[in-house]
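Here is how the chains run, residue by residue.
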Amino acid sequence: MTPLLQVRGLEKRYGARIGCTGVGFDLYPGEVMGIVGESGSGKSTLLSCLAGHLRPDAGQVIFDTRHKGPVDTVTMAEPERRMLARTDWAFVHQNPRDGLRMGVSAGGNVGERLMAVGARNYGRIRSTAEDWLGRVEIASDRIDDRPSAFSGGMQQRLQIARNLVTGPRLVFMDEPTGGLDVSVQARLLDLLRGLVRRLGLSAVIVTHDLAVVRLLADRLMVMKGGRVVETGLTDQVLDDPQHAYTQLLVSSVLQV
Amino acid sequence: MTDPVIHLEDVAKTFTLHNQGGAVIPVLERAGLSVRPGECVGLVGASGAGKSTLMRMIWGNYLAASGTIMVAGTDVARAAPREILALRRGRLGYVSQFLRVVPRVPTLDVVAEPLLDLGVPEEAARARAAELLARLRIPERLWPLSPTTFSGGEQQRVNIARGFAHPSPALLLDEPTASLDAANRETVLALIEEAKARGAAIVGIFHDEAARSRVCDRVVNVSDFTPGAA
Ligand SMILES: Nc1ncnc2c1ncn2[C@@H]1O[C@H](COP(=O)(O)OP(=O)(O)OP(=O)(O)O)[C@@H](O)[C@H]1O
Ligand SMILES: [Mg+2]
């Protein structure tokens, strides 16, 4: 099987400071990889480089495209990368405001993504939007409301619907459950798990919440100071951490 | 004789506690174990001898320092994460001591999940889950609820139902009868006997001696693998 994503020697510097360096991994179709580490450890920098929001200073991010097979997205032409970002990739931001258009209705937020990939039939766009709002458990009578009228949890679910409506193959998530209270997080986790399984999505999830990765991620990557200090099967890294930093991370939370 | 499904050779395990002065705890060395289809092997030994550690190395959430751990064709000591995940999906089951689930997921789905992950149609998966939950006396009114608020014994039975949902060729059982009443204990022992009859290779930890002598064909004393013990 060809990996969906092959990352090699990825590095991003902010002047003299290291954002991330020496990062490499393969992600296979259907796999969910979690990235954990303290704040400032380079998780979000790495995610931005993977998703094409930031240009790395070195390294490759090879994505298995539908038509041309594996292509390095770092060196690909900008329009091509934009097209990938609209079709095969999705990015769920920590703050739903960064991923939604707050002045546009819920239905519009979802429909917009469809239109960006060429959908034109209004009736079909609206019914697809409605279907997706249902899947993320937003009642259909809220379709014309703006996200500003939604709770944080609803906004996050709307952002997920907006991202998944175009049938992406790879989803990047930056602290998708951060800032939500625990019961809302649980609902979102359940939803994400179901979607990942049913749609066969691959995902890279950045979080500092070890309980979240335990439940969502197949594999785990632990970062410190911009470097990967440990990788492995999620329950192996959490139950039998090898690196001093991972041991500290795991021992400083109550029961995960 | 048929080939073993689970076969460990020369397995060693040491924990290094980096944040406690780098203390090194050697737990096991030269550990070996072989389980054929239809066989159940019990792990025995004093508390802290490393029974659970050995079992977790077979499951793959503890790393082996050395040796080979062949389980249904995969060397867990060397396999990549996705190979271990594939092993766990189709060939290796595990009833751990604690149930860990996504909050809010109904009990019926928790039990059906291993089957859904294998691509079993939803209806068939739910039917199998219902059958096991009924056998383990989880009242039907609890099936739509998340097991997170269940009693210890109820959670354990949900865990057992989940572990037995798919007929894996290899099965690990960590104290499956602890905290169960007589009737449920009987059901669990019957499930183990049925799994053996269909050819499963089982490794179990049972503090309950009567249960152990009923279902285990042999025992392996993990204390024999304590480093320094000749
Ligand atoms: N994750 C871990 N990190 C460090 N040490 C560990 C870890 N897991 C187990 N140990 C140590 O390994 C040794 C064996 O523990 P284990 O839990 O395997 O024993 P056991 O035989 O299952 O005991 P019991 O009968 O009490 O359940 C103990 O000294 C324990 O402290
Ligand atoms: Mg134990």
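The structure we're discussing is the one just above.
Throughout, residues of each chain are indexed from 1 in the direction in which the sequence is written. Just so you know, chain letters begin at A and ligand numbers begin at 1, following the order they were written in. Predicted model: local features are reported for residues with pLDDT of at least 70 only, side-chain atom pairs are reported and counted for 80 or more only, and whole-chain, interface and lining totals are derived from all residues. Side-chain figures throughout are based on the complete set of non-hydrogen atoms in the structure, without hydrogens or water.

Caption draft 1: Representation of the nonpolar core within the structure. All names here are of chain B. Phe164 and Ile192 are the most contacted members of the largest nonpolar core, which has 89 residues in total. Non-local contacts of Ile192, meaning those with residues more than four positions away in its chain, are made with Phe164, Leu173, Pro176, Ile202, Phe206 and Val215. By convention a nonpolar core is built from buried Ala, Val, Leu, Ile, Met, Phe, Trp, Tyr and Cys residues, the set being connected through side-chain atoms within 4.5 Å. For every residue, the accessible area obtained with a 1.4 Å probe (protein chains only) is divided by the maximum for its type, and the residue is called buried under 20%, exposed over 50%, and partly exposed between those limits. Membership of the second largest hydrophobic core comes to 38 residues, among which are Ala49, Leu54, Val222 and Phe225. In what follows, a contact means two residues having at least one pair of non-hydrogen atoms within 4.5 Å.

Caption draft 2: Structural view of unusual backbone geometry. One non-glycine residue, A:Glu175, lies in the positive phi region at around 45 degrees. Helix and strand definitions here come from DSSP, where helices need a minimum of 4 consecutive H or I residues and strands a minimum of 2 consecutive E residues; each element is numbered from the N-terminal end. With respect to the helices, strands and loops of the structure, A:Glu175 is situated in the loop between strand S7 (170-174) and helix H7 (182-199).

Caption draft 3: The arrangement of the sheet that holds strand S1 (residues 5-14) of chain A in detail. Residues and elements named next belong to chain A. Taken together, the four strands give an open sheet; going across it, the order is S2-S1-S4-S5, and neighbouring strands pair in antiparallel fashion. Of all strands in the sheet, those with a lone pairing partner are strand S2 (17-27) and strand S5 (69-72), marking the two edges. Taken over all neighbouring pairs, the strand axes of this sheet differ in orientation by 20 degrees on average, direction set aside. In short, DSSP must find at least two bridges between two strands for them to pair. Here S1 runs beside strand S4 (residues 58-65); their pairing, made up of five bridges, is antiparallel. Of the residues in S4, the one forming a bridge with Val7 is Val61. Helix axes are fitted only over the stretch in contact, all axes being lines through C-alpha atoms; the angle between N-to-C directions runs from 0 to 180 degrees.

Caption draft 4: Fine view of the site of ligand 1. Lining the immediate environment of ligand 1, one finds 14 residues, of which B:Ser47, B:Gly48, B:Lys51, B:Thr53 and B:Tyr62 sit closest. Each of chains A and B places residues near ligand 1. A distance of 2.7 Å is found between an oxygen atom of ligand 1 and a side-chain nitrogen or oxygen belonging to B:Lys51. Residues adjacent in sequence count toward polar contacts only when both atoms are side-chain atoms; beyond that, a polar contact is any pair of N or O atoms within 3.5 Å, and within protein one must be able to donate a hydrogen and the other to accept it. Contact between ligand 1 and B:Tyr62: a nitrogen atom at 2.8 Å from a side-chain N or O atom of the residue. Considered on its own, ligand 1 offers 640 Å² of accessible surface; in the complex 67% of this is hidden by protein. When residues of the shell around ligand 1 are traced back to their parent elements, those giving at least two are strand S1 (6-17) and helix H1 (51-59) of chain B. Considering each element in turn, the shell around ligand 1 owes the most residues, three residues, to H1(B). Looking at side-chain class alone, the shell around ligand 1 contains six nonpolar, six polar and two charged residues. By convention in this text, a residue qualifies as near a molecule or strand provided that one of its non-hydrogen atoms is within 4 Å of it. Per-residue accessibility takes into account occlusion by the displayed protein chains alone, with areas from the Shrake-Rupley method and a 1.4 Å probe. Residues are grouped as follows: Ala, Val, Leu, Ile, Met, Phe, Trp, Tyr, Cys and Pro are nonpolar; Asp, Glu, Lys and Arg are charged; all remaining types, including Gly, are polar.

Caption draft 5: Representation of the side chain of B:Thr177 in the model. Checked against the element boundaries, B:Thr177 lands in the loop between strand S7 (170-174) and helix H6 (182-197). By relative accessible area, B:Thr177 is classed as buried at 6%.

Caption draft 6: Examining the pattern of salt bridges more closely. Residues and elements named next belong to chain A. Throughout this description, the term salt bridge denotes a Lys or Arg side-chain nitrogen within 4 Å of a carboxyl oxygen of Asp or Glu. Under the counting rule described, the total for this entry stands at 29 salt bridges over all chains. Arg169 is paired through a salt bridge with Asp88; the nearest N and O atoms lie 3.1 Å apart. Of this pair, Arg169 sits in the loop between helix H6 (152-164) and S7 while Asp88 is found in the loop between helix H2 (78-87) and strand S6 (89-92), placing the two residues 81 residues apart along the sequence. Of the residues examined, Arg169 reaches a relative accessible area of 24% and is grouped as partly exposed. Across the salt bridge formed by Arg101 and Glu112, the nearest N and O atoms sit 2.3 Å from each other. With a gap of eleven residues between them, Arg101 in the loop between helix H3 (96-99) and helix H4 (106-116) and Glu112 in helix H4 connect regions that are remote in the sequence. In this structure Arg101 comes out as partly exposed when scored by relative accessible area, which is 43%. Classification of Glu112 by relative accessible area gives partly exposed; the value is 23%. Sharing partners across several salt bridges, the network here consists of Arg66, Asp88 and Arg169.

Note that every value here comes from positions in space, so none of it alone points to a role or purpose.
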